[in-house]
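Read off the chains here:
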Amino acid sequence: MGLSFALTVGFSSGATAQDNTDFLQQCPVRAPLFVTTDLDPIDELAPEAIGVRADAADIDSETTLASFTGNVQVQLNQQFLLTEQATVNQQSGNINASGATQFTDGYVQVSSDNFRLNSGDNRAYLAGAKYQLRDTGAHGTAELLSISPEQVLLAGSTFTTCPTDQPAWQLSADEISLSEDEAWGEAWHAKFELFGVPVLYVPYINFPITDERKSGFLFPTVRSSQKNGFEFEIPYYINIAPNQDATITPRYMAERGLQLQGEYRALTEGGSGQINVAYLDNDDSLANDDSRYLWRVEHQQRWSPSWRSYVNILDTSDDDYLNDFGSEFAGRADAQLYRHARVDYHSEHAQVMLRAEDFEILGDYRSPYRTAPQLTTLFDWQTLSALELNLFSELTHFRNQDNSNDYATRFHIEPAVKLAFEEPAYDFLSELRYSYSYYDQAAISTQDNPMLSENPSRTVPQFRIRGRLNLERDFAWGDASYQQVLQPQIQYLYVPYRDQSAIGIYDSTLMQDDYQGLFRARRFSGLDRIADANQITVGASTSIFNENARELLRFSAGQIYYFDDSQVSLFGEESQIANDRSDLAFETRFRFNNRLYLNAAMQYDMEQNNTRKSQTAVEYRVDERNLIQFSHRQVTNILNDDIEQLGLQAVYQVKANWQVASNWFYDLEQKRTNDALLALQYNDCCWAIRVSAYRRINRNLELQATDPMNQQPEFDNGVSVQFIIKGLGSDNSNLFDLIEQSLFGYRHPFYLSN
């Protein structure tokens, strides 16, 4: 059991301020210091010429001084000065004003005690000033403020983005520089004040004043936990180019050591990519001195209308890395790492794919084969309006991840003829396939696998015929009109039995038998096993739509009836079929209104009269960021065990500034909580504070591999407190991300995995 405490404090920021725009739009807009609609620009005023309007003027021709009084408006290019008294030196162009003045140049508004413009260096000076930036509403005070076309300098000044006159936070500094071109500010000898109390001093800080990016430090994070001890991390953001950036994050953990994390992102013409690296040279908490790391590469590219590529590779040093350190690219409950790279070509009649694929199983399990590489082609021709010919082929090389001498090659070719009709009232499909597969398994030891042969081959024909009806009726309920659609369908599938025991299993696994799966042509993924079949599938689906063609209800049910037993199996006889019918599969969806949904699916064993698999989710969704979801999942006889879970996930805005999040999964079989989270957050336009507590199973896969008899789970408990300052960097104050990163992350009910 561990207890963690985290405190996030911001003292500088060089990151993108993109999220700042979001909270500024949600918060009340700060009123300008003064109304500029009353300005009356002088038409056709020459550049660099000074124009003046006033109630009275006194011009001295000998001294070239002009004095103006009463409603004085001075204009120089895009700069305007409003005052009651001003003096203009016609020879030097200098302007002086005493008393209350108002000044704006379109970028900043200033109210001050006096004003002086030195036209020689085109810089204005204002004392006792209050200022406000026009676009963002950032504001503050300055003992002396000087303005040039490129820069605003403030001496003895404050700065804040809080829209209120009594801001929750502000920077007070000896000097602040605001650059309109770079959209970033800098402060020297700055104090960070929270509710009027100085809490932090920094000799230098830069901060965003718009949504543009700049290199610099991001918010540091300080936390403590029993597993890692005291932690401190401070990211440094690097703005390389408009289409490239990087972040380097040192992360110190007292119990483990210093870890270095890095991220690089790039946009290319037609694509994007990202590289992530995390490296810990020596984990002090372990007896060995092995390094621990994570690296990830992702890139997608569209080279032309026909050519595209995609790469996604994730690797860790050990099975427990995700459990110990966490990652935004994989969940703590993930049982495997999936890596693949592919190049695709598409044309009117051809699809070609070259792919490499790899699954790394976390834990002490059978090592899978990787495909390195796999070449697939699909050619199709529409000979008549309803007749289609296609030719599928695949050439794949498999290699065991742990034993490089264990490899095999498979060649598969499969021509097909399809006859398909599709009309509004019905559709019909008749399909005939003939597949041929050849394997080269000479490298696989027949002593370890006596059933396998070096060069087995297999030919399997397949015939499928399917028909569906689309029946509609209109009806009224109350004052509303609805339409019901009923779609019954029937399919016959015949595949003769072929003895495939001489073929190794490289990429085949049993697929799910949900409603849609009942109408598949094959029971196994991959091509190492093609199951024999002589069966009819019967099913029906009905939906109800409202006047706007929005689906309010869907209910589907189906079942397979077997004329013969299916003899082909994977690793054991449990994947064979010896019954005369399959499980009865149900699926249903309800949309009670725009906020309340129900989604459920079930597979019921008619022979044993019990439920083999089921999932139910009820979700009340206010919007994409406010929801409550209840769920129930049940699976029987999976790895000789039963699973039954209750779940609750919620993110809800209780009041205008208060948000609560909860994530709870309870194991009904083991009578224990596997994952729980409760978080409360106060959030306004200037700052946010978040308090959260969690309890989750600590998945120690390395311990399970070395001590498989130890079945007692470890639990990790923790408490976290985060204080978030808005306006000095990106805003990560939404609690929705918190439940997505938990052990069992949030999923929309329409996509719950069963």
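Residues numbered from 1 in each chain as written. Predicted model: local features only at pLDDT ≥ 70, side-chain atom pairs only at ≥ 80, totals over all residues. Heavy atoms only, no water.

Peer 1: Help me understand the overall build of the protein, please; the structure alone is not making it clear to me.
Peer 2: Counting its secondary structure elements, the protein contains 4 helices and 42 strands. Counting only residues that meet the buried cut, the protein has 43% of its 754 residues in that class. Long-range pairs, those at least 24 residues apart, make up 49% of the contacts in the protein between residues at least 6 apart in sequence. Within the structure as shown, the protein displays about 38600 Å² of accessible surface, and the carbon and sulfur contribution to it stands at 53%. (Helix = DSSP H or I, 4+ residues; strand = E, 2+ residues; numbered from the N terminus. Buried < 20%, exposed > 50% of the residue type's maximum accessible area, 1.4 Å probe, protein only. Contact = heavy atoms within 4.5 Å. Areas by Shrake-Rupley, 256 points an atom, 1.4 Å probe, with all protein chains shown as cover.)

Peer 1: Which parts of the structure should I look at to understand the state of the cysteines?
Peer 2: By definition, a disulfide links the sulfur atoms of two cysteines through a covalent bond. For the structure on display, the rule yields 1 disulfide. With a sulfur-sulfur separation of 2.1 Å, Cys162 is cross-linked through a disulfide to Cys686. Here Cys686 lies in the loop between β40 (672-683) and β41 (687-698) and Cys162 lies in the loop between β10 (151-159) and β11 (169-179), a separation of 524 residues in the sequence. The same class applies to Cys162 as to Cys686, namely buried. (Disulfide = S-S within 2.5 Å.)

Peer 1: Would you mind showing me how to read the environment of Asn403 here?
Peer 2: With respect to the helices and strands, the residue Asn403 is situated in the loop between β26 (387-400) and β27 (407-422). We classify Asn403 as partly exposed; its relative accessible area is 36%. Residues Asn403 and Ser367, 36 residues apart in the sequence, show an inter-C-alpha distance of 9.0 Å. For Asn403, the side chain forms a polar contact with the main-chain nitrogen of Asn405, separated by 3.1 Å. (Polar contact = N/O pair within 3.5 Å; in protein donor to acceptor, adjacent residues only side chain to side chain.)

Peer 1: Would you explain the nonpolar core in this entry?
Peer 2: One recurring pattern in soluble globular proteins: nonpolar side chains tend to sit buried together. Judged by nonpolar contacts, the single largest core of 48 residues is most densely connected at Phe115, Leu145, Phe159, Trp169 and Leu178. Dropping the residues within four chain positions of it, Phe159 is found in contact with Tyr131, Ala138, His139, Trp169, Gln170, Leu171, Ile176, Leu178, Phe207 and Ile209. One finds Leu280, Leu294, Leu314 and Phe325 within the second-largest nonpolar core, a separate group that totals 11 residues. (Core = buried A, V, L, I, M, F, W, Y, C linked by side-chain atoms within 4.5 Å.)

Peer 1: Explain the pairing of strand β17 (residues 236-241) here, please?
Peer 2: The two faces of the sheet receive side chains in turn, since in a regular strand these alternate between them. Here strand β14 (residues 216-217) pairs with β17 via 2 bridges, running antiparallel. Bridge pairing in β17 links Phe217 to Tyr236. Sheet analysis places β17 next to strand β18 (residues 244-253), joined by 4 bridges and oriented antiparallel. Directly across from Ile238, in β18, lies its bridge partner Ala246. (Pairing = 2+ DSSP bridges.)

Peer 1: I tried to follow the side chain of Arg256 on my own but got confused; where do I start?
Peer 2: With respect to the helices and strands, the residue Arg256 is situated in the loop between β18 and β19 (257-268). Residue classification places Arg256 among the buried residues on the basis of a relative accessible area of 4%. Apart from the residues lying within four places of it in its own chain, the contact partners of Arg256 are Lys227, Asn228, Leu280, Asn282, Asp283, Asp284, Ser285, Arg292, Asp324 and Phe325.

Peer 1: What exactly am I supposed to notice about the confidence of the model for the protein here?
Peer 2: Detailed reading of the predicted model is not advised wherever pLDDT is low. Looking at the protein as a whole, its pLDDT mean stands at 84, while 88% of the residues score no less than 70. Confidence over residues 1-25 falls short of pLDDT 50; this stretch has 104 contacts with residues more than four positions distant or in other chains. Low pLDDT, under 50, characterises residues 750-754; the predicted model gives this stretch 14 contacts beyond four residues in sequence or across chains. (pLDDT = per-residue confidence, 0-100.)

Peer 1: Sorry if this is basic, but what is going on with the pairing of strand β39 (residues 658-667) here?
Peer 2: As paired strands, strand β38 (residues 643-653) and β39 are joined by 9 bridges and run antiparallel to one another. Pairing of Gly647 across the sheet is with Phe665, part of β39. What sits between β38 and β39 in their antiparallel hairpin is a turn of 4 residues.

Peer 1: Quick question: what am I supposed to make of the environment of Gln500 here?
Peer 2: Residue position: Gln500 is located in the loop between β31 (480-495) and β32 (533-545). Along the backbone, Gln500 and Met451 are 49 residues apart, and their C-alpha atoms lie at a distance of 9.8 Å. Sequence-distant contacts of Gln500, defined by excluding residues within four places in its chain, comprise Arg458, Asp528, Arg529, Ile530 and Val568. Polar contacts involving the side chain of Gln500 include one to the side chain of Arg458, which spans 2.9 Å.

Peer 1: I'm lost on a nonpolar patch on the surface in this one. Help?
Peer 2: A surface patch of nonpolar side chains, amounting to about 830 Å² of accessible area, comprises Trp303, Trp307, Val343, Leu354, Leu375, Leu395, Phe411, Tyr436 and Tyr438. Classification of Trp303 as exposed rests on a relative accessible area of 58%. (Patch = residues over 30% accessible without salt bridge, like charges linked within 9 Å, V, L, I, M, F, W, Y side chains within 5 Å. Salt bridge = Lys/Arg side-chain N within 4 Å of Asp/Glu carboxyl O.)

Peer 1: Could you clarify how one ought to interpret the pattern of salt bridges in this entry?
Peer 2: When the charged atoms of two side chains with opposite charge come close together, those side chains can pair. Enumeration according to the criterion identifies 31 salt bridges in this entry. Arg612 is the salt-bridge partner of Asp583, the closest N and O atoms lying 2.2 Å from each other. Taken together, the residues span a long stretch of sequence, with Asp583 in the loop between β33 (551-562) and β34 (584-591) and Arg612 in strand β36 (residues 610-623) at a distance of 29 residues. Its relative accessible area of 25% is what places Arg612 among the partly exposed residues. One connected set of salt bridges, linked through shared partners, spans Glu414, Lys418, Glu431, Arg433, Arg464 and Arg522.

Peer 1: Could you clarify how one ought to interpret unusual backbone geometry in this entry?
Peer 2: What you tend to see is this: most non-glycine residues have negative phi, and most peptide bonds are trans. Each neighbour pair has its own omega, and for Ala372 with Pro373 the value is 0 degrees, a cis peptide bond. Residue position: Pro373 is located in strand β25 (residues 369-382). Within the chain, Asn71 stands out as a residue other than glycine whose phi angle is a positive 50 degrees. Tracing the chain through its elements places Asn71 in strand β4 (residues 65-76). One non-glycine residue, Asn77, adopts positive backbone phi at about 55 degrees. In this structure, Asn77 sits in the loop between β4 and β5 (79-89). Asn77 gets classed as partly exposed once you look at its relative accessible area, which sits at 26%.

Peer 1: Just checking my understanding: could you explain the packing of aromatic side chains for this structure?
Peer 2: Aromatic ring pairs are reported here in terms of the distance separating the ring centres and the angle at which the planes meet. Under the criterion given, the structure shown has 19 aromatic pairs. Taken together, a centroid distance of 6.2 Å and an interplanar angle of 25 degrees make the contact between Tyr439 and Tyr506 stacked. Separated by 67 residues along the polypeptide, Tyr439 in strand β28 (residues 426-440) and Tyr506 in the loop between β31 and β32 bring together distant segments of the chain. You'll find Tyr439 and Tyr506 in the same group, each marked buried. Taking NZ or CZ as reference, Arg399 lies 4.4 Å from the ring centre of Tyr407, over its face. (Phe/Tyr/Trp six-rings, centres within 6.5 Å; stacked < 30°, edge-to-face > 60°. Lys NZ or Arg CZ within 6 Å of the ring centre and 35° of its normal.)

Peer 1: Just to check I follow, could you spell out the side chain of Thr158 for this structure?
Peer 2: Looking at the secondary structure, you find Thr158 in strand β10. Beyond its immediate sequence surroundings of up to four residues, Thr158 is in contact with Tyr131, His139, Gly140, Thr141, Gln170, Leu171, Ser172 and Ile176.

Peer 1: Looking at this structure, how should I read the environment of Tyr666?
Peer 2: Among the secondary structure elements, Tyr666 is positioned in strand β39. Between the C-alpha atoms of Tyr666 and Leu648, which are 18 residues apart in sequence, the distance is 9.0 Å. With near-sequence residues (within four places) excluded, Tyr666 lies in contact with Glu644, Gln645, Leu646, Lys671, Arg672 and Thr673.

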